[in-house]
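Spelled out from the first residue to the last, the chains are:
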Amino acid sequence: MEPSKEVDAPAATSLQPQSKRTRSNNGKGKSTAEDAQPLAPVVSTKATPLQRGGWKKGVAILDFILRLGAIGAAFGAAILMGNNEQVLPFFTQFFQFHAQWDDFPMFRFFVVANAAVAGFLILSLPFSIVCIVRPLAAGPRLLLLIIDTVMMAFVIAAASAAAAVVYLAHNGSQDANWMAVCQQFTDFCQVTSEAVVVSFVAAVFLSFLVFVSSLALKRGG
């Protein structure tokens, strides 16, 4: 009985390393199988700052172009009205028929307002360039929005006041016994009408500037 015990002991010991190797091989195979599985790509739907900055940079470039158009229209309206005068070829011993823009207080306000608006818009160009370089900056954009709103109010007020005088000059008023002076001063009234139209064009440019700045600030969050 004793020799059989000695034979069984080596057999048992010989089986133990084999089982360990089997377990280790099975573990390695499992780990390599897990490593061989491909990883699914992670897709992010969140907008990056670069994408938002690209959209805002396009808005800033559009703002700069509209600002140049508003400057040209406001300056053009002021120059047209400021150089407007007409002298009729006939006169009497005591009167000379002469019409000039500074004879009307509304036209003086028109020239001053459009010239001031053009000057302020020129001063705002550096802030517009800053918005192009740094499209995500909200401070310069808010400042431009405030300036454009005030300038738009000035231009609309000046153009409306001048348009009322032009209407009376063209049509007169039977209730107030005002005659239509444009029947005599045709060139003066034509230039005045053109200046009013150009001033309203400047107001349209400014309204677009206000809309663009408001849109950029609203979608900036």
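Source: prediction; values computed, not measured.

### Describing the overall build of the chain
Phase 1: If you tally the helices and strands in the chain, you get 6 helices and 2 strands.
Phase 2: Helices and strands in the chain line up, N terminus first, as α-α-β-β-α-α-α-α.
Phase 3: Look at the contacts in the chain between residues 6 or more apart in sequence, and 78% of them connect residues 24 or more apart.
Phase 4: Accessible surface, the chain: about 14,300 Å² in total, of which carbon and sulfur atoms supply 67%.

### A closer look at the pattern of salt bridges
Phase 1: This structure, assessed with the given rule, holds 3 salt bridges.
Phase 2: Here Arg-67 and Asp-63 are joined by a salt bridge, their closest N and O atoms 3.0 Å apart. Here Arg-67 and its partner Asp-63 are both found in helix H2 (residues 49–82), 4 residues apart, which amounts to about one turn of the helix. Judged on exposure class, the residue Arg-67 and its partner Asp-63 are both buried.
Phase 3: Of the charged contacts in the structure, one is a salt bridge between Asp-63 and Arg-141, with a shortest N-O distance of 3.2 Å. Of this pair, Asp-63 sits in helix H2 while Arg-141 sits in helix H5 (residues 138–171), and the two are 78 residues apart along the sequence.
Phase 4: For Asp-63, a relative accessible area of 0% corresponds to the buried category.
Phase 5: Look at the salt bridges and you will find they share partners, linking Asp-63, Arg-67, Arg-141 and Asp-148 into a network.

### Some thoughts on the state of the cysteines
Phase 1: Scanning all chains against the criterion turns up 1 disulfide.
Phase 2: Covalently, Cys-182 is tied to Cys-189 through a disulfide, its sulfur atoms 1.9 Å apart. With the S-S bond torsion at -90 degrees, the cross-link from Cys-182 to Cys-189 turns out left-handed. Across this residue pair, the class does not change: Cys-182 and Cys-189 are buried.

### Looking at helix H3 (residues 105–123)
Phase 1: Compared with the 27 Å implied by 1.5 Å per residue over 19 residues, the 27 Å span of H3 between its first and last C-alpha is a close match.
Phase 2: For H3, every residue scored as buried is listed here: Phe-107, Phe-110, Val-111, Ala-113, Asn-114, Val-117, Ala-118 and Leu-121.

### Comments concerning helix H4 (residues 125–133)
Phase 1: Residues of H4 that are buried include every one of Leu-125, Ser-128, Cys-131 and Ile-132, and no others. Down the axis of H4, the smallest arc covering the buried residues is 110 degrees, so these residues share one side.

### Re the packing of H3 against helix H6 (residues 186–218)
The packing of two helices is summarised by the inter-axis angle and the distance between the axes.
Phase 1: Contact geometry for H3 and H6: axes closest at 12 Å, N-to-C directions at 35 degrees. As for how H3 packs across H6, the hand of that crossing is left-handed. Residue-level contacts link Phe-107, Phe-110, Asn-114, Val-117 and Leu-121 of H3 to Phe-188, Thr-192, Ala-195, Val-196, Ser-199 and Leu-206 of H6.
Phase 2: Here the contact of H3 with H6 is composed, by residue class, of 8 nonpolar, 3 polar and no charged.

Thresholds applied
Residues numbered from 1 in each chain as written. Predicted model: local features only at pLDDT ≥ 70, side-chain atom pairs only at ≥ 80, totals over all residues. Heavy atoms only, no water. Helix = DSSP H or I, 4+ residues; strand = E, 2+ residues; numbered from the N terminus. Contact = heavy atoms within 4.5 Å. Areas by Shrake-Rupley, 256 points an atom, 1.4 Å probe, with all protein chains shown as cover. Salt bridge = Lys/Arg side-chain N within 4 Å of Asp/Glu carboxyl O. Buried < 20%, exposed > 50% of the residue type's maximum accessible area, 1.4 Å probe, protein only. Disulfide = S-S within 2.5 Å. Expected span 1.5 Å × (residues − 1). Arc of directions from axis to C-beta. Axes fitted to C-alpha atoms, helices over the stretch in contact; angles between N-to-C directions. Left-handed = near helix turned anticlockwise from the far one by under 90°. Nonpolar A, V, L, I, M, F, W, Y, C, P; charged D, E, K, R; others polar.

The values reported here are purely geometric and, on their own, carry no functional implication.
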